[in-house]
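Tertiary structure, described
Each chain, written out:
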Amino acid sequence: MCKLNYCIVLLFCSVQLFAFPENKQMLVEVDRLISSREEFEQQKRDRIHYLKQLLVAEKNLDKEYDLICRIVEEYANFQSDSAFVYIERGKEAALRNKNHSQLLENRFQYTFVCAQSGLMTESLSVLDQLQVYYKDMSREQRAIYYVLYERLYMNLREYAENSHMEAVYAGRERL
């Protein structure tokens, strides 16, 4: 019975979408973008490859760290396992540089990728651990810190949709 209801709703939505010419144009554009998926993925792989080549040749420790961060950003919503590998490399680079700001940025990246990957408990744990550094954070770092908390609770709210926890997470998301 559930499949039948789903099919009826899908059919109704399809009829409604095609009833308006502007919707038809949007669907054509969506189809074009979907068909270009492999091209977009290849462009991302090419950017990552280029950054990795730069990283191999880089001798300056701060620039090395910056390249690692850019690689993590490319991998973050693409391949989380690879993002975690480069996050660890970034942590090692920040420790070698003895740069507290870089180490904090690295923990922010780790928290973001954890939340994006569904590792909510780990993300929350790291954010809670970073609380002791809050007073030493720059204004920009504090903003990032709060955005990460907001993102985490937004993800939790989405996972808890239609459950008793949805409202709880929605409230924390807005704090």
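Structure shown above.
Here we summarise the structure given alongside this text. Please read all numbers here as calculations on a predicted model, not as lab measurements. (Residues numbered from 1 in each chain as written. Predicted model: local features only at pLDDT ≥ 70, side-chain atom pairs only at ≥ 80, totals over all residues. Heavy atoms only, no water.)

1. Some remarks on the layout of surface pockets
Short version of the rule: Think of a 1 Å grid over just the protein atoms. A cavity is a set of points where a 1.4 Å probe fits yet cannot get out, a pocket is an open set with protein on both sides within 12 Å along at least five of seven lines, and lining residues have an atom within 4 Å of a point. Grid points are joined across faces, edges and corners, and a volume is the space filled by probe spheres set on the points. In this description a helix means any DSSP run of H or I spanning at least four residues, a strand means any run of E spanning at least two, and both kinds are numbered starting from the N terminus. Only Asp, Glu, Lys and Arg are considered charged, only Ala, Val, Leu, Ile, Met, Phe, Trp, Tyr, Cys and Pro nonpolar, and every remaining residue, Gly among them, polar.
Of the volumes computed, that of the largest pocket is approximately 300 Å³. Considering the residues around the largest pocket, the lining is formed by 14 residues, among which Glu73, Glu105, Phe108, Gln109 and Ile144 are closest to the centre. Contributions of two or more residues to the lining of the largest pocket are made by α4 (61-76), α6 (100-116) and α8 (139-159). Of the residues forming the lining of the largest pocket, the biggest block, six residues, is contributed by α6. Broken down by class, the residue content of the lining of the largest pocket amounts to seven nonpolar, four polar and three charged.

2. As for the packing of aromatic side chains
Here a ring pair, both rings aromatic, is described through the centre-centre distance and the interplanar angle of the planes. As a reminder, the rule being used: Any Phe, Tyr or Trp ring, taking Trp's six-membered ring, that has another such ring centre within 6.5 Å forms a pair; planes under 30 degrees apart are called stacked, those over 60 apart edge-to-face, and the others tilted. Three labels apply to residues, based on accessible area from a 1.4 Å probe with only protein chains included: buried if under 20% of the type maximum, exposed if over 50%, partly exposed otherwise in between. Throughout this description, the term charge over a ring refers to an Arg CZ or Lys NZ atom that lies within 6 Å of the ring centre and within 35 degrees of the ring normal.
If you walk through the whole model with that rule in mind, you get seven aromatic pairs. When the ring of tyrosine 134 is compared with that of tyrosine 146, the centres are 5.7 Å apart and the planes differ by 70 degrees; the resulting orientation is edge-to-face. Within this pair, whereas tyrosine 134 is found in the loop between α7 (120-130) and α8, its partner tyrosine 146 is found in helix α8, the two being separated by 12 residues in sequence. On the basis of relative accessible area, tyrosine 146 is assigned to the partly exposed category, the value being 43%. One aromatic cluster is present, formed by Tyr134, Tyr145, Tyr146, Tyr149 and Tyr153 through successive ring pairs. Across from the ring centre of tyrosine 110, 4.7 Å away, lies the NZ or CZ of arginine 107, which sits over that ring. Directly above the ring of tyrosine 134 sits arginine 142, whose terminal nitrogen or CZ lies 4.5 Å from the centroid.

3. Some remarks on the pattern of salt bridges
What counts here: Here, a salt bridge means any Lys or Arg side-chain nitrogen found within 4 Å of an Asp or Glu carboxyl oxygen.
One pass over the structure, following the stated rule, counts five salt bridges. Residue arginine 47 pairs with glutamate 74 through a salt bridge whose shortest N-O separation is 3.2 Å. Here the residue arginine 47 occupies a position in helix α3 (residues 37-57), and glutamate 74 occupies one in helix α4, the gap between them amounting to 27 residues. When its relative accessible area of 38% is taken as the criterion, arginine 47 is described as partly exposed. Two residues, lysine 135 and aspartate 136, come together in a salt bridge whose shortest N-O distance is 3.8 Å.

4. Details of the packing of α4 against helix α5 (residues 80-97)
Inclusion rule: Fitting a line to C-alpha atoms yields each axis, with helices limited to the stretch in contact; the angle taken between N-to-C directions then spans 0 to 180 degrees. Small angles under 35 degrees read as roughly parallel and large ones over 145 as roughly antiparallel, with 65 to 115 read as roughly perpendicular and the rest as oblique. Helix crossings are classified by the rotation of the near helix relative to the far one: an anticlockwise turn of less than a right angle makes the crossing left-handed, while a clockwise turn makes it right-handed. Note on contacts: a residue pair qualifies if any of its non-hydrogen atoms lie within 4.5 Å across the two residues.
The geometry of α4 relative to α5 is characterised by a closest axis approach of 9 Å and an angle of 160 degrees between their N-to-C directions. If you check the angle between α4 and α5, you find them roughly antiparallel. Considering the relative orientation of α4 and α5, their crossing is left-handed. Taken together, the residues of α5 that come into contact with α4 (itself represented by Leu61, Asp62, Glu64, Tyr65, Ile68, Ile71, Val72, Tyr75 and Ala76) are Ser80, Ser82, Ala83, Tyr86, Ile87, Arg89, Gly90, Ala93, Ala94, Arg96 and Asn97.

5. Side note on the side chain of glutamate 74
Threshold: Pairs of N or O atoms within 3.5 Å make up the polar contacts considered here, provided that, within protein, one atom can donate a hydrogen while the other can accept it, and that residues adjacent in sequence are counted only when both atoms are side-chain atoms.
A residue is classified by how much of its surface remains accessible, and glutamate 74, at 17% relative accessible area, is buried. Within the local environment of glutamate 74, its side chain forms a polar contact with the side chain of arginine 47, the two groups lying 3.2 Å apart.

6. As for α3
This is how it is decided: By this rule, a helix spans an expected 1.5 Å times one less than how many residues it contains. Taken from the helix axis, the directions to the C-beta atoms give the arc we talk about.
Taking 1.5 Å of rise per residue, 21 residues should cover 30 Å, and α3 covers 31 Å from first to last C-alpha, within 8% of that figure. Here α3 has its buried residues at Lys44, Ile48, Leu51 and Leu55. For α3, the buried positions fall inside an angular range of 60 degrees around the axis, keeping them on one side. In α3, the exposed positions that point more than 90 degrees away from the buried face belong to Glu38, Val56 and Ala57. Buried residues along α3 sit in contact with α4 and α5.

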